[in-house]
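What the coordinates show
Residue-level listing of the chains:
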Amino acid sequence: MDGCQSGVPTYEGDLHVVAAAHHIVKALGATKNLSDDLRKILIDLDSHLSMITSNIDSKGGRGLVDVEERLDQAERKIMRWETDPMMIWDSGPKEASDYLEAVDETGKLVDGLRGLSVHENRKQKEILHRAMNILQMAMSRLEEELIHILVRHGQQFEPKHMYSRSIRKDIVYDESFVSVEDEPIKETSSRNYSNDESGECIVDLVHADVIPDIKSIAKVMFTSNYGPEFCEAFISVQKEALEQYFSFLGTENLSIEDVLKMEWTCLSSKMNKWTWSMKIIVRVYLASEKQLCDQVLGGLGSVSSYCFLEISKATILCLLNFGEAVAMGPHRPEKLLRLLDMYETLACLLRDIDTLFSEEAGSFIQLQFHELLERLGESAIAAFEAFRVAISSNGSLYPFAGGGVHPLNKYVMNYIRMFPEYCNTLNLLLKNQHPGVADQVTEPDYGLDASLLTSCPMAYHLRSITSCLESNLHKKSQLYKDEALQHIFLMNNIHYLVQKVKGSELRLFFGDEWIRKHNAMFQQHAMNYERATWSSVVSFLRDDNPGSSSMSKSTFKERCKGFSVAFEEVYKTQTSWSIPDPELREDLRISTSLKVVLAYRTFLGRNLAYTDDKCVKHTVEHVENSLLDLFEGSSRSLRNSRRW
């Protein structure tokens, strides 16, 4: 009635209103810089207005013929592929485009029909149900197509830094130290991480050419309110691909119980693998996965972050659980360097993790990363203290054979020579672990002068450790009954300490004064050895009457016999003693020869009248050559050098 009063029939008035609304929607849609969400709303509104027009037409006598014809055309295009074994996107871009147009048309018809009252119109209700069934069928097909595209065009990659090029050989602590072997003093860093590993390296997990196809499927499915189904298919494929890559890296999903029961050799390998697997997973794979999610779903609000979290969280939690298990385990000395590797890995990845999981839904991942970093730091400090305690408490019931370099010494020095690689981390962790450590330098730079390095927290603790080691070595020296062998043992071991410090970056932290002091120490033990061994031997060659030209024959014979017996005993005993360092061994032989050979030559020279007597068992040359057999670690007996 109102329409008649206005002079415009109701049917025509409704058409004018809808047409005006169409015009406004089209104008808004042409606006640039619209957000994807707003553009989707305008598209849906346009579709709904089309259906209103159709409905008005039906009331005006035109019926639902146009709607049904549009649905028939879309259905033919969709149903054609239900019997075709080929995948649509493998058949060419035109086929894919035609199919998406048909699906999009069906979706618009469904949205429009849903916006109308169909309770009183049986025909409209039938068309709506039919359109919904067609749309459901198309959505199932699009899921299959999506999975096929992701799987077929997923790209396998093998970062050049995937394999650790140099894996440190473990030095295992045990009471016997039978596993300890010496290593070269000078060598390059054993960690040897490549530059690529320290920075993000994004790759295409899916071939770039098919990204538009995946986005077009996503757009149609989300427009048709099948977004959850798209996400489920997308997540399942990408999650499985990540799990396969995780397995390809050789990283296992281990329970806490499995880790706690693991033998050290196996656990060490797992910890080493964890450090570079974590970097690759976070900085390469997850960074690349985040890019893919943003490329495909970036215009759909939080959907991209949701999918990324669902794809990645199982793998990330698996890595975190391993770290938790390691931190919970016993604080054994040999775990220290591996713990430091894990700590540094997490520390350098925190910014990456905070960026990848910046949304609120992923905040629990951030929290667990930060908590694990703290626990690994605490475990590293505990392992460091266990290392110090192991050095101090290591006891021996029997002296180390030959007086050579004790395995405890090798263990400690080969271990701590790797500490400079972790200087910044150890300074941070050890800063407050001893009241004597000043706050002068928290994170020293290797470009700073040595005086700053020698005063940093790590330097203090390094010197504290070697002080514990020296104290233990002095205790071990008391196990030798022979005083001379005590000095050989201490000379060998202090010399070894000095060489390890001088020949590595440890020198920067110990300082030249420490080196000078310990050089003097082992040299003093060498002098003490000579006095303890050769003073009594050379005493047989001493002339009680230096003013006379020679001693009596009986005295000469007695002195010769005494010297020969003493020298042969020293020879037999000290050939079994060991001085492993060739230069140190040669220096001590020369020093000994200068004293003994000179005294023997002088003794015989003053008593030439008796030198043809059988009492002179050894020539000067034989004594001199025999001294070259000392300290080889194999006992020998000295034979008579005179031929009769």
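Everything numeric here is computed off the predicted structure, so don't read it as measured data. (Residues numbered from 1 in each chain as written. Predicted model: local features only at pLDDT ≥ 70, side-chain atom pairs only at ≥ 80, totals over all residues. Heavy atoms only, no water.)

Structural notes on the overall build of the protein
What counts here: Labels follow the DSSP assignment, with helices taken as runs of H or I lasting at least four residues and strands as runs of E lasting at least two, numbered in each case from the N terminus. Summary of the burial criterion: residues with accessible area below 20% of their type's maximum are buried, those above 50% are exposed, and those between are partly exposed, where the area comes from a 1.4 Å probe applied to protein chains only. Between two residues, a contact is recorded if the distance between any of their heavy atoms is within 4.5 Å. The protein chains shown are the only cover counted for residues, whose accessible areas, like all others here, come from Shrake-Rupley with a 1.4 Å probe.
If you tally the helices and strands in the protein, you get 23 helices and zero strands. Put simply, the protein has 644 residues, and 48% of those count as buried. A separation threshold of at least 6 residues defines the contact pool for the protein, and within that pool the share at least 24 residues apart is 79%. Surface exposure of the protein reaches about 31600 Å², of which carbon and sulfur atoms provide 52%.

Section: the environment of Ile-134
If you trace the backbone, Ile-134 turns up in helix H6 (residues 122–152). Each C-alpha atom, one on Ile-134 and one on Gly-107, is 9.3 Å from the other, the two residues being 27 residues apart in sequence. Here Ile-134 is in contact with Leu-71, Glu-75, Ile-78 and Thr-106, once residues within four sequence places are set aside.

Overview of the packing of H6 against helix H9 (residues 227–248)
The condition that has to hold: Lines are fitted to the C-alpha atoms to define the axes, a helix being fitted only along its stretch in contact, and any angle between axes, read from their N-to-C directions, falls within 0 to 180 degrees. Angles below 35 degrees are treated as roughly parallel, those above 145 as roughly antiparallel, those between 65 and 115 as roughly perpendicular, and all remaining angles as oblique. Note on convention: near helix rotated counterclockwise from far helix by under a right angle means a left-handed crossing. Clockwise means right-handed. All amino acids are sorted into three groups, where Ala, Val, Leu, Ile, Met, Phe, Trp, Tyr, Cys and Pro are nonpolar, Asp, Glu, Lys and Arg are charged, and the leftover types, Gly among them, are polar.
As a packed pair, H6 and H9 sit with axes 10 Å apart at the nearest point and diverge in direction by 25°. By the criterion of interaxial angle, the relationship of H6 to H9 is roughly parallel. Here H6 and H9 pass one another in a crossing that is right-handed. Contact with H6, carried on its side by Glu-143, Leu-146, Ile-147, Leu-150 and Val-151, involves Glu-229, Phe-230, Ala-233, Phe-234, Val-237 and Gln-238 of H9 and no other residues of that element. Each residue belonging to the contact of H6 with H9 can be placed in one class, and the counts come to eight nonpolar, one polar and two charged.

Some thoughts on the packing of helix H13 (residues 336–356) against helix H14 (residues 363–393)
Two elements in contact, H13 and H14, have axes whose closest approach is 9 Å; the angle formed by their N-to-C orientations is 160°. Taken together, the axis directions place H13 and H14 in an arrangement best described as roughly antiparallel. For the pair H13 and H14, the sense of crossing is left-handed. Where H13 abuts H14, its residues Leu-336, Leu-339, Leu-340, Met-342, Tyr-343, Leu-346, Ala-347, Leu-350, Ile-353 and Asp-354 lie against Ile-365, Gln-366, Phe-369, His-370, Leu-372, Leu-373, Leu-376, Gly-377, Ser-379, Ala-380, Ala-383 and Phe-384.

Description of the side chain of Asn-492
Assignment of secondary structure puts Asn-492 in helix H19 (residues 483–502). For Asn-492, a relative accessible area of 2% corresponds to the buried category. For Asn-492, the contacting residues outside a window of four places in its chain are Gly-403, Gly-404, Val-405, Ser-578, Ile-579, Pro-580 and Leu-584.

Comments concerning the nonpolar core
Threshold: Definition of nonpolar core: a set of buried residues of the types Ala, Val, Leu, Ile, Met, Phe, Trp, Tyr and Cys, connected through side-chain atoms within 4.5 Å.
In terms of nonpolar packing, the biggest core is built from 176 residues, with Leu-142, Phe-230, Val-412, Ile-416, Phe-419 and Trp-534 touching the most fellow members. Among the elements that line this core, the one with the most residues is helix H11 (residues 264–297), at 16 residues. Dropping the residues within four chain positions of it, Leu-142 is found in contact with Trp-89, Tyr-99, Leu-100, Val-103, Ile-217, Val-220 and Met-221.

Re the packing of aromatic side chains
Threshold: Aromatic contacts are taken between Phe, Tyr and Trp rings whose centres are within 6.5 Å, Trp giving its six-membered ring; a plane angle under 30 degrees counts as stacked, one over 60 as edge-to-face, and the others as tilted.
On inspection of all chains with the given rule, the structure shows 20 aromatic pairs. Here the aromatic rings of Phe-230 and Phe-234 are separated by 5.9 Å at their centres, their planes lie at 10°, and the arrangement is stacked. Here Phe-230 and its partner Phe-234 are both found in helix H9, four residues apart, which amounts to about one turn of the helix. Residue class for Phe-230 comes out buried when judged on its relative accessible area of 0%. When the ring of Tyr-529 is compared with that of Phe-631, the centres are 5.7 Å apart and the planes differ by 70°; the resulting orientation is edge-to-face. Here Tyr-529, found in helix H20 (residues 506–539), pairs with Phe-631, found in the segment after helix H23 (620–626); they are 102 residues apart in sequence, far enough to count as distant. For the pair formed by Tyr-529 and Phe-631, the shared burial category is buried.

A look at the confidence of the model for the protein
Where we set the bar: For every residue, the predictor states its confidence as a pLDDT score lying anywhere from 0 to 100.
Across the protein, pLDDT averages 82, with 77% of residues at or above 70. Mean pLDDT per element in the protein: helix H1 (residues 2–5) is the minimum at 41, and H19 is the maximum at 96. Here residues 1–13 scores under 50 on pLDDT; set against residues more than four positions off or in separate chains, the count is eight contacts. In the predicted structure, residues 192–198 sits below a pLDDT of 50 and forms 15 contacts with residues beyond four places in sequence or in another chain.

A closer look at unusual backbone geometry
For Asn-225, which is not glycine, the phi dihedral falls at a positive 65°. Among the secondary structure elements, Asn-225 is positioned in the loop between helix H8 (211–223) and H9. The class of Asn-225 is exposed, set by a relative accessible area of 51%. Although it is not a glycine, Phe-631 sits at a positive phi angle of roughly 65°.

So, H11
An α-helical turn contains 3.6 residues, so any two residues separated by three or four positions project in the same direction. Spelled out, the test is: Bend, in this description, refers to the angle at a residue between axes fitted to the seven residues ending there and the seven starting there.
At Ile-281, H11 is deflected by roughly 35°, the largest bend along its length. Along H11, 27 of the 34 residues are buried, which leaves the element largely enclosed by surrounding structure.

Brief notes about the pattern of salt bridges
What counts is decided by this rule: Salt-bridge detection follows one rule: a side-chain nitrogen of Lys or Arg within 4 Å of a carboxyl oxygen of Asp or Glu.
Taken as a whole and judged by the stated rule, the model has 22 salt bridges. The partner of Arg-130 in a salt bridge is Glu-68, with the nearest N and O atoms 4.0 Å apart. Of the two residues, Arg-130 sits in helix H6 while Glu-68 sits in helix H4 (residues 65–80), which places them 62 residues apart along the sequence. On the basis of relative accessibility, which here comes to 22%, the residue Arg-130 falls in the partly exposed class. A residue is classified by how much of its surface remains accessible, and Glu-68, at 23% relative accessible area, is partly exposed. Here Glu-105 ties to Arg-70 by a salt bridge, and the two come within 2.6 Å at their closest N and O atoms. Remark: Arg-70 occurs in helix H4 and Glu-105 occurs in helix H5 (residues 93–114); sequence separation between them is 35 residues. One connected set of salt bridges, linked through shared partners, spans Glu-68, Asp-72, Glu-75 and Arg-130.

Let's talk about the side chain of Gln-238
We apply this condition: Under this definition, polar contacts are N or O atom pairs within 3.5 Å; protein pairs additionally need one hydrogen-donor-capable and one acceptor-capable atom, and for neighbouring residues in sequence, both atoms have to be side-chain atoms.
By the secondary structure assignment, Gln-238 is in helix H9. Using a relative accessible area of 4% as the deciding quantity, one classes Gln-238 as buried. A distance of 3.1 Å separates a polar atom in the side chain of Gln-238 from a polar atom in the side chain of Glu-289.

Here we look at the environment of Lys-125
With respect to the helices, strands and loops of the structure, Lys-125 is situated in helix H6. Relative accessible area serves as the criterion here: at 40%, Lys-125 is assigned to the partly exposed category. Sequence-wise, Lys-125 and Leu-113 are twelve residues apart; in three dimensions their C-alpha atoms are separated by 8.2 Å.

Some remarks on the environment of Leu-336
By the element assignment, Leu-336 lies in helix H13. Linking Leu-336 and Ala-380, residues 44 residues apart in sequence, is a C-alpha distance of 5.6 Å. Beyond its immediate chain neighbours, meaning those up to four positions away, Leu-336 contacts Ala-380, Ala-383, Phe-384, Tyr-415 and Phe-419.

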